[in-house]
Amino acid sequence: MKKRIIIPLVILTLLLLGGIAYLYNSLNEQKKVNQDMQELAELDKKEMQNEYEQFAQQYSEMKNQINNDSIVAQLTQEQMRTQQLLQELRNVKASDAREITRLKKELATCRAIIRSYVLEIDSLNRLNQNLTAENTRVKGQYEEATRQIEGLNAEKSSLTEKVAIAAQLDAIGISVSMNDKKGKPTKKLMKAKNLQVSFSIAKNVTASNGVKTIYVRIQTPTGQTLTNGGTFNYENRSLQYSMKKSVEYTGNETPVTTFWNIEEFLTEGSYKVSIFADGNMIGSKNITLN
């Protein structure tokens, strides 16, 4: 009678101990994945913070290089807005995906605004150099502006840095869709045979033309990268990419489409798509696959 009671208890105890061990290992693996994702989010936040700080500093430099009260007032307003966004970024947690996405969109807007001011100042410089017949009052004002902007030209390394920021490419209209084995769109992940990532490289008259190598990186809900083993350099480290494509860029808006062939089972959840070119991350988007 005792054996009939003791044996099931022993079996039940062993099963419970096995279950506890399995849960312990699973929790440790999930903790490692969460830690890796948090580190990547912190790196992304730090990169955004550095760029916001750089923009705020550039506004100060540009205000010292011109003598136009109207433009100085505009630069001051944009500088205050940039500093406010920087403070919001410092206060937000890297895990707050919604707020980080909003501040990333604001960062793209700031980049476009400062690009326009770089072009405006450069245009003003060329205009001042071509003016030869002005009355004494107006000529004196433009001579002061010319001296300041010529100083900007003398600091070639500083100007090169500003132009490099203005020339950075932007990926816009990022979309991800699934196609079945016939190449037709499907909304069911279990029927999908490939993932189609489509976007456009925005028009940028300051960017250099020529063949651009575009890298697309798809990360699964667990933080793993869909890859065939290819890597590229970014921020002094090597990252894996999912797809790459070379496109001819002429400065105009250029559409790009890439495909990832699904050769393994993909789980449902939130996937992150990041796009890189010329050593910069030019766009990213989170999408949910069901």
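Residues numbered from 1 in each chain as written. Predicted model: local features only at pLDDT ≥ 70, side-chain atom pairs only at ≥ 80, totals over all residues. Heavy atoms only, no water.

In this section: the sheet that holds strand 1 (residues 171-179). As summarised here, the arrangement of the 4 strands in space is 2-1-3-9, forming an open sheet in which the pairing is antiparallel. Looking along the sheet, the strands with just one partner apiece sit at the ends: strand 2 (185-186) and strand 9 (254-261). Taken together, the 8 bridges between strand 3 (residues 194-201) and strand 9 define a ladder with antiparallel strand orientation. Paired with Phe199 across the strands is Val256, a residue of strand 9. (Pairing = 2+ DSSP bridges. Helix = DSSP H or I, 4+ residues; strand = E, 2+ residues; numbered from the N terminus.)

What follows is about the packing of aromatic side chains. Evaluation of the coordinates by the stated rule reveals 5 aromatic pairs. With a centroid separation of 5.2 Å and an interplanar angle of 55 degrees, the aromatic rings of Tyr215 and Tyr241 are classed as tilted. Taken together, the residues span a long stretch of sequence, with Tyr215 in strand 4 (residues 210-219) and Tyr241 in the loop between strand 7 (237-240) and strand 8 (243-249) at a distance of 26 residues. On the accessibility criterion, Tyr241 (14% relative accessible area) is buried. Ring pairs connect the aromatic residues Tyr215, Phe232, Tyr234, Tyr241 and Phe276, which therefore count as one cluster. (Phe/Tyr/Trp six-rings, centres within 6.5 Å; stacked < 30°, edge-to-face > 60°. Buried < 20%, exposed > 50% of the residue type's maximum accessible area, 1.4 Å probe, protein only.)

This part covers the nonpolar core. Core analysis: the biggest nonpolar cluster contains 30 residues, and Leu195, Phe199, Ile201, Ile218 and Ile275 have the highest contact counts within it. Those elements that place two or more of their residues in this core are strand 1, strand 3, strand 4, strand 8, strand 9, strand 10 (269-277) and strand 11 (280-289). Those residues in contact with Ile275 that sit more than four places away from it in its chain are Ala171, Ile174, Phe199, Ile214, Tyr215, Asn280, Met281, Ile282 and Gly283. Membership of the second largest hydrophobic core comes to 21 residues, among which are Ile71, Ile100, Cys110 and Tyr117. (Core = buried A, V, L, I, M, F, W, Y, C linked by side-chain atoms within 4.5 Å. Contact = heavy atoms within 4.5 Å.)

Under the 1.5 Å per step criterion, the end-to-end length of helix 2 (residues 69-91) is 33 Å for 23 residues, consistent within 8% with the ideal 33 Å. Of the residues making up helix 2, those classed as buried are Ile71, Leu75, Glu78, Gln79, Thr82, Leu85, Leu86 and Leu89. (Expected span 1.5 Å × (residues − 1).)

For the structure on display, the rule yields 7 salt bridges. Note that Glu51 is salt-bridged to Arg111, the shortest N-O span being 2.9 Å. A residue pair is termed long-range when its members are at least 10 positions apart, and Glu51 in helix 1 (residues 2-64) and Arg111 in helix 3 (residues 97-130) qualify at 60 residues. In terms of burial, Glu51 and Arg111 fall into one category: buried. Between Asp170 and Arg115 there is a salt bridge whose closest N-O contact spans 3.7 Å. Here the residue Asp170 occupies a position in the loop between helix 5 (156-166) and strand 1, and Arg115 occupies one in helix 3, the gap between them amounting to 55 residues. Arg115 shares its class with Asp170; the two are buried. (Salt bridge = Lys/Arg side-chain N within 4 Å of Asp/Glu carboxyl O.)

Of all 8 residues that make up strand 3, 8 are buried, and the element is covered over most of its length. Of the two faces of strand 3, the one holding Asn194, Gln196, Ser198 and Ser200 and the one holding Leu195, Val197, Phe199 and Ile201 are both buried throughout. Pairing between strand 1 and strand 3: 7 bridges, direction antiparallel. Paired with Ser177 across the strands is Gln196, a residue of strand 3.

It is worth spelling out a positive patch on the surface at this point. A grouping of Lys181, Lys182, Lys184 and Lys193 is seen on the molecular surface, where their side chains present a positively charged patch. Among the structural elements, Lys181 can be located in the loop between strand 1 and strand 2. By relative accessible area, Lys181 is classed as exposed at 70%. (Patch = residues over 30% accessible without salt bridge, like charges linked within 9 Å, V, L, I, M, F, W, Y side chains within 5 Å. Areas by Shrake-Rupley, 256 points an atom, 1.4 Å probe, with all protein chains shown as cover. Lys, Arg positive; Asp, Glu negative; His and termini not counted. Charge placed at Lys NZ, Arg CZ, Asp CG, Glu CD.)

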